[in-house]
Amino acid sequence: MTLKKKLSLGLGFLFLIIFVLAIVCSYYIGKLSQDAENILKDNYKSVVFSKNMIAALEDTRTAISSIVFNPADDQKTSDYYLKLFESGRTEFENNLKFENANITEIHESEYVATVNQGYVLYASLCLRIVKGEGGRALYFNEYQPAFEKLARAINAINDLNMQAVERKSQMAKDDSTRMLRLMAINGDFCLIIAYG
């Protein structure tokens, strides 16, 4: 075999090794990218939905508290709090609907069912207060406990999804460490073959 032929075979083999390493590295980088995307996708949405529900719940609470404790003689103020209540209610219901369609974790469906049930009670109490029924007794005896129970259920959804994000992030970190080791072993193996 001539020197030219040996050099051609050697260079061809090196290019083949480089090509194999490029394919392996591309595969692992794509897998890491997919893992990172999956971590953020659904769990992040649930975190956002729960934060939006808490904010909307606070808006309805502000409106209800003002209706109960500051019955306004001023029509503008009354209208403002009624609009705040309606916008908070609409925002809450929209985010709850989105969360119902975005259940990704084990036991999340139970938490969402608790929120659904709690919201039905909470909304009915709010409507009674807006209509002028019950006053302060209804507020303290029924409304306030319903509000707190609903807020705890929403926070449970948020906590569950935050824990899932942390757990999946750790898994992705472990995968990346494993992939780096595997790529280093593949690179070493290819160098040994190339120089052997």
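In this text, all values refer to a predicted model and were calculated from it rather than measured experimentally. For every chain, the first residue of its written sequence is number 1, and the numbers climb from 1 along that sequence. Totals for whole chains, interfaces and linings use every residue, but because this is a predicted model, local features are given only for residues with pLDDT of at least 70 and side-chain atom pairs only at 80 or more, for both listing and counting. Note that water and hydrogens are dropped before the side-chain values are worked out from all heavy atoms of the structure.

> Honestly, the nonpolar core in this entry has me stumped. Any pointers?
Soluble globular proteins tend to pack their nonpolar side chains together in the buried interior. We define the nonpolar core as a collection of buried residues of types Ala, Val, Leu, Ile, Met, Phe, Trp, Tyr and Cys that are connected through side-chain atoms lying within 4.5 Å of one another. Burial here depends on accessible area, computed with a 1.4 Å probe over protein chains only, as a share of the maximum for the residue type. Under 20% is buried, over 50% is exposed, and the range in between is partly exposed. Core analysis: the largest hydrophobic core is formed by 28 residues, its most contacted members being L57, I64, F92, V115, Y122, Y143 and L150. Tallying contributions element by element places helix 4 (residues 135–195) first for this core, with ten residues. Only DSSP runs of H or I covering at least 4 residues are called helices, and only runs of E covering at least 2 are called strands; the numbering of each starts at the N terminus.

> Looking at this structure, how should I read the confidence of the model for the protein?
Any region with low pLDDT has predicted coordinates that should not be read closely. Note: pLDDT gives the predictor's confidence per residue, expressed from 0 to 100. Averaged over every residue, the pLDDT of the protein is 85; residues scoring 70 or more account for 95%. Within the protein, the lowest mean pLDDT, 83, falls on helix 1 (residues 3–69), and the highest, 94, falls on helix 3 (residues 108–130).

> Would you mind going over the pattern of salt bridges with me for this structure?
Here the idea is simple: oppositely charged side chains can pair when their charged atoms come close. Each reported salt bridge corresponds to a side-chain nitrogen of Lys or Arg within 4 Å of a carboxyl oxygen of Asp or Glu. The full count for this structure, using the stated rule, is seven salt bridges. R89 is the partner of E86 in a salt bridge, and the nearest nitrogen-oxygen pair spans 3.5 Å. Pair noted here: E86 and R89 are both in helix 2 (residues 75–100), with a separation of three residues, about one helical turn. Owing to a relative accessible area of 38%, E86 belongs among the partly exposed residues under this scheme. Accessibility expressed as a relative area gives 23% for R89, which makes it partly exposed. Taking the shortest distance from any N to any O, the salt bridge between R89 and E93 comes out at 3.5 Å.

> How should I be thinking about helix 3 in this particular structure?
Note that an α-helix has 3.6 residues per turn; residues three or four places apart therefore point the same way. Here a helix's expected span is defined as the number of its residues, less one, multiplied by 1.5 Å. With 23 residues, helix 3 should reach 33 Å at 1.5 Å per residue; the first-to-last C-alpha distance of 32 Å fits that figure. Of the residues trailing helix 3, G132 is marked for its positive phi of about 95°.

> Can you walk me through the packing of aromatic side chains in this structure?
The description of an aromatic ring pair uses the distance of the two centres, along with the angle that the planes make with each other. Classification of ring pairs rests on two measures: the distance between centres of Phe, Tyr or Trp rings, Trp counted by its six-membered ring, which must be within 6.5 Å, and the angle between planes, read as stacked under 30 degrees, edge-to-face over 60 and tilted in between. In the structure shown here, the tally under the stated rule is ten aromatic pairs. Look at F49 and F98: their rings are 5.6 Å apart centre to centre, the planes differ by 35°, and that puts the pair in the tilted class. Pair noted here: F49 is in helix 1 and F98 is in helix 2, with a separation of 49 residues, a long-range link. Taken together, a centroid distance of 5.2 Å and an interplanar angle of 90° make the contact between Y139 and F140 edge-to-face. Y139 sits in the buried class, given a relative accessible area of 5%. The rings of F69, Y122, Y139, F140, Y143 and F147 are connected pair by pair, giving a single aromatic cluster.

> I'm lost on a nonpolar patch on the surface in this one. Help?
What makes a patch is a set of residues exposed beyond 30% relative accessible area and free of salt bridges, joined within 9 Å when like-charged and within 5 Å when nonpolar (Val, Leu, Ile, Met, Phe, Trp, Tyr). Method for areas: the Shrake-Rupley scheme with a 1.4 Å probe, in which residue coverage is limited to the protein chains shown. Together, F13, L16, F19, V20, I23, F189 and I193 make up a nonpolar patch on the protein surface, roughly 640 Å² of accessible area in all. For the nonpolar patch, the secondary structure elements donating two or more residues are helix 1 and helix 4. Looking at the nonpolar patch, the element that brings in the most residues is helix 1, giving five residues. You can see L16 is positioned in helix 1. The exposure class assigned to L16 is partly exposed, which follows from its relative accessible area of 48%.

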